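Chain and residue survey
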Amino acid sequence: MKSSVLSDKPARLAVVRPRSRSGADAAADDDGALIEACRRGERRAMEALYHRYKRRVFGLVTRIVGAGDAEEVAQEVFVRIFRGLGKFRGDAALSTWIYRLSVNAALSHVTRRPKPMEGEEVLAQLPAPARAPRDPTLSARLEEALAALPVGYRSVLVLHDVAGLSHEECAEILGCRVGTSKSQLHKARAKMRDLLGADLAAERRGEVG
Amino acid sequence: MRCGDVARLSSAYLDGELDDRMSSALRGHLRTCDRCRVLVEDEAALVRAAGELEPLEPPAELWAAIEDRLADAEIADAERPRYWMWWRAARPYLAGLSLVGAAAAAALFLWQREAGESAAAASEPVPPPVALVSSRSHEEARASELSRADRRYQETIAELRAIVETERAAWTPEEVAAFDARLAELDARIVAERARLSVGGGEELATSAAGRDPLYAAYRAQIDVLSAAAVGELGAR
């Protein structure tokens with residue numbers, strides 16, 4: 001019988017965690033009534049729709065374009081949502097359509113502005129006082145590493161791993177094939193492993209929360 | 001199962017996309033390979049941490065800012081030309097008819113525009129009788145007619161551009177880039193044709209109707225592209 005490298009203890013194995021959709025299945029019927037009210041220009045319905053999706057839109061946009069431009073882009077997204085509801089045909093979930101508008105607006109914004117630094121230069125360029133005292137949690141370091149990813153990798157990782165969407169949803173939102181979404185996510189995760197090597201090692205040693 | 005296989009399949013394994021046998025083979029490799037075990041555990045930690053990221057709360061004033069922008073957009077809609085209102089009303093019936101629809105849309109748009117001009121002209125007061133013998137020569141009349149045709153093409157293109165501008169917000173960056181490239185190509189063709197017809201290098205164009213055919217063909221090609229884009233047929237032409 002083969003023994004693990006760690007002789008007297010069985011090798012710890014990563015657990016496969018089933019993905020759970022974070023979509024709005026339960027609220028689909030509510031969305032329909034809300035959409036109709038918004039199309040009639042009812043301000044209370046529009047504000048309700050805004051509050052229902054504001055965190056998802058703002059979170060996605062912030063993690064793609066960065067905190068500095070997120071508010072402007074989020075405004076643009078919601079204007080497109082309300083001005084475009086007449087075109088929403090209901091052949092996709094409202095959340096998927098909203099995510100698609102959010103990603104398109106974020107990517108348009110990124111391609112229009114001067115190309116930012118990508119890769120480890122972003123992390124290295126942070127001034128020392130901003131990095132210490134540093135929130136030691138992996139999640140905090142993960143946010144910084146996300147900002148350093150190429151925007152294509154960042155988009156799919158935010159949609160799949162952060163927002164919890166399926167590859168089918170990611171592919172529909174990003175306008176690519178499911179296989180492309182999967183391969184891009186795989187590369188994004190590998191890049192994140194490179195960027196967070198030291199933090200992951202500390203996590204393994206139980207040094208961080 | 002080898003280390004290269006684990007590196008390639010780690011994401012699929014963590015996302016539950018491998019079948020039972022492949023998953024078992026991968027786990028079997030992890031039992032005997034520390035390097036791969038660390039790789040997969042690190043990726044699992046990243047996926048877990050990403051899923052646990054806190055939702056980001058937008059600033060409290062974001063909704064007020066959105067309302068202001070919507071108000072500005074509605075005011076801008078109210079100030080658009082009448083042809084835009086006609087176009088918006090006709091669009092749902094033309095969308096989805098592909099190239100035939102786009103051509104019909106362009107023809108209808110031009111007809112409606114000319115009908116509007118005719119109605120405007122019909123409503124003008126009847127001019128007083130003029131002398132039967134006009135002092136305008138045949139050449140001047142033809143030049144005037146060609147100039148009017150050129151102006152109407154350009155005005156139609158400008159109005160279609162304004163309509164398409166309202167549609168662009170919903171396009172993907174790739175669609176915007178492809179459309180802009182096609183439009184730039186046609187712009188260059190129009191500029192080249194106008195330069196070829198230019199009299200003395202100025203804005204005045206030669207009055208040969210036949211000589212203007214390539215220019216008018218370029219105008220019509222641009223109208224086709226713009227009218228197709230206005231009904232959502234971005235892949236047309």
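Throughout this description, residue numbers start from 1 for each chain and increase along the sequence as written. Labels follow written order: the first chain is A, the first ligand is 1, and so on. Residues qualify for local features only when their pLDDT is at least 70, as the model is predicted, and side-chain atom pairs are given and counted only at 80 or more; totals for whole chains, interfaces and linings, by contrast, use all residues. Heavy atoms from the whole structure form the basis of all side-chain values; hydrogens and water molecules are not counted.

With respect to the packing of aromatic side chains
Only Phe, Tyr and Trp rings are paired, with Trp represented by its six-membered ring, and only when their centres lie within 6.5 Å; those with planes under 30 degrees apart are stacked, over 60 edge-to-face, the remainder tilted. Evaluation of the coordinates by the stated rule reveals nine aromatic pairs over all chains. The rings of Tyr-50, Phe-78 and Phe-82 of chain A together with Trp-63 of chain B are connected pair by pair, giving a single aromatic cluster.

Structural notes on the nonpolar core
Nonpolar core, defined: a set of buried Ala, Val, Leu, Ile, Met, Phe, Trp, Tyr and Cys residues in which side-chain atoms within 4.5 Å join the residues together. Throughout, exposure labels follow a simple rule: accessible area from a 1.4 Å probe, protein chains only, divided by the maximum for the residue type, with under 20% read as buried, over 50% as exposed, and the rest as partly exposed. Core analysis: the largest hydrophobic core is formed by 65 residues, its most contacted members being Leu-49, Phe-82, Leu-85, Leu-94, Leu-142 and Met-192 of chain A. Residues are treated as being in contact if the distance between any of their heavy atoms lies within 4.5 Å. Leaving out residues up to four positions away in the same chain, Leu-94 of chain A has contacts with Asp-31, Ile-35, Leu-49, Tyr-53, Leu-85 and Phe-88 of chain A. Core analysis: the second largest hydrophobic core is formed by 24 residues, Leu-146, Leu-183, Leu-215 and Tyr-216 of chain B among them.

Section: the packing of helix α8 (residues 151-162) of chain A against helix α10 (residues 178-195) of chain A
All names here are of chain A. With their axes 8 Å apart at the nearest point, α8 and α10 run at an angle of 100° to one another. If you check the angle between α8 and α10, you find them roughly perpendicular. Of α10, the residues touching α8 (which contributes Gly-152, Tyr-153, Val-156, Leu-157, His-160 and Asp-161) are Ser-181, Gln-184, Leu-185, Lys-187, Ala-188, Arg-189, Lys-191 and Met-192. Taken together, the residues of the contact of α8 with α10 break down into six nonpolar, four polar and four charged. To get an axis, a line is fitted to the C-alpha atoms, and for a helix only the part in contact is used. The angle between two axes follows their N-to-C directions and goes from 0 to 180 degrees. Only DSSP runs of H or I covering at least 4 residues are called helices, and only runs of E covering at least 2 are called strands; the numbering of each starts at the N terminus. Note on terminology: angles under 35 degrees are roughly parallel, angles over 145 are roughly antiparallel, angles of 65 to 115 are roughly perpendicular, and the others are oblique. Classes in brief: Ala, Val, Leu, Ile, Met, Phe, Trp, Tyr, Cys and Pro nonpolar; Asp, Glu, Lys and Arg charged; the others, Gly included, polar.

Some words on the pattern of salt bridges
Where charged atoms from two side chains of opposite charge come close, those side chains can pair. Take a side-chain nitrogen of Lys or Arg and a carboxyl oxygen of Asp or Glu: if they are within 4 Å of each other, that pair is a salt bridge. Under the counting rule described, the total for this entry stands at 28 salt bridges over all chains. Here Glu-36 of chain A ties to Arg-39 of chain A by a salt bridge, and the two come within 2.8 Å at their closest N and O atoms. Of the two residues, Glu-36 of chain A and Arg-39 of chain A both sit in helix α1 (residues 28-39), three residues apart, roughly one turn of that helix. The partner of Glu-76 of chain A in a salt bridge is Arg-80 of chain A, with the nearest N and O atoms 3.0 Å apart. Residue Glu-76 of chain A and its partner Arg-80 of chain A are both found in helix α3 (residues 67-84); the two are separated by four residues, about one turn of the helix. Residue Glu-76 of chain A is classed as partly exposed on the basis of its relative accessible area, which comes to 22%. Take Arg-80 of chain A: its relative accessible area is 14%, and that puts it in the buried class. In this structure, a network of salt bridges that share partners links the residues Asp-161, Arg-189 and Arg-193 of chain A together with Asp-15 and Glu-43 of chain B.

Digging into the confidence of the model for chain A
Residues and elements named next belong to chain A. Per residue, pLDDT captures the predictor's confidence, and it can take any value from 0 to 100. Across chain A, pLDDT averages 79, with 74% of residues at or above 70. Below a pLDDT of 50 lies the segment residues 1-24, which in the model reaches 50 contacts outside its immediate sequence neighbourhood of four places, other chains included. Here residues 120-134 is modelled with pLDDT under 50, and outside its nearest four sequence neighbours on either side it reaches 14 contacts, counting other chains as well.

Some thoughts on the interface of chain A and chain B
In this complex, chain A contributes 55 residues to the contact, which on the side of chain B involves 53 residues. Of the roughly 5200 Å² buried where chain A meets chain B, counting both sides, 61% is carbon and sulfur surface. Between Glu-17 of chain B and Lys-182 of chain A there is a salt bridge; the shortest N-O distance is 3.7 Å. Whenever two N or O atoms come within 3.5 Å, that pair is a polar contact, provided that in protein one can donate a hydrogen and the other can accept it, and provided that, for residues adjacent in sequence, both atoms are side-chain atoms. Where chain A packs against chain B, one counts 12 residue pairs in polar contact (both at pLDDT 80 or more). Residue composition of the side of chain A that touches chain B, grouped by class: 23 nonpolar, 11 polar and 21 charged. By buried area we mean the combined loss of accessible area, with a 1.4 Å probe, across both parts when two parts are placed together.

A word on the environment of Gly-232 of chain B
Its location among the elements puts Gly-232 of chain B in the segment after α9 (213-230). Here the alpha-carbon distance between Gly-232 of chain B and Trp-171 of chain B, two residues 61 residues apart in the chain, equals 9.2 Å.

Digging into α9 of chain B
All names here are of chain B. Under the convention used throughout, the expected extent of a helix is 1.5 Å for every residue step, that is, one less than its residue count. End to end, α9 covers 25 Å across 18 residues, agreeing with the expected 26 Å (1.5 Å per residue, within 8%). Burial of α9 is extensive: 13 of the 18 residues sit out of reach of the surface. Positive backbone phi, at 85°, marks Gly-232, one or two positions downstream of α9.

A closer look at the environment of Glu-165 of chain B
Inspection of the secondary structure assignment puts Glu-165 of chain B in helix α7 (residues 138-167). On a C-alpha basis, the gap between Glu-165 of chain B and Leu-226 of chain B in space is 10.0 Å, while along the polypeptide they are 61 residues apart.

Some remarks on the side chain of Arg-193 of chain A
For Arg-193 of chain A, the position within the fold is in helix α10. Contacts of Arg-193 of chain A, omitting those with residues within four sequence positions, involve Leu-200 of chain A together with Leu-39, Asp-42, Glu-43 and Leu-46 of chain B.

Details of the packing of helix α9 (residues 167-174) of chain A against α10 of chain A
Residue and element names in this part refer to chain A. Between α9 and α10, the shortest axis-to-axis distance is 8 Å and the interhelical angle comes to 100°. Relative to α10, α9 is oriented roughly perpendicular. Residues His-167, Glu-168, Cys-170 and Ala-171 of α9 pack against Val-178, Ser-181, Lys-182 and Leu-185 of α10. When its residues are assigned to classes, the contact of α9 with α10 shows four nonpolar, two polar and two charged.

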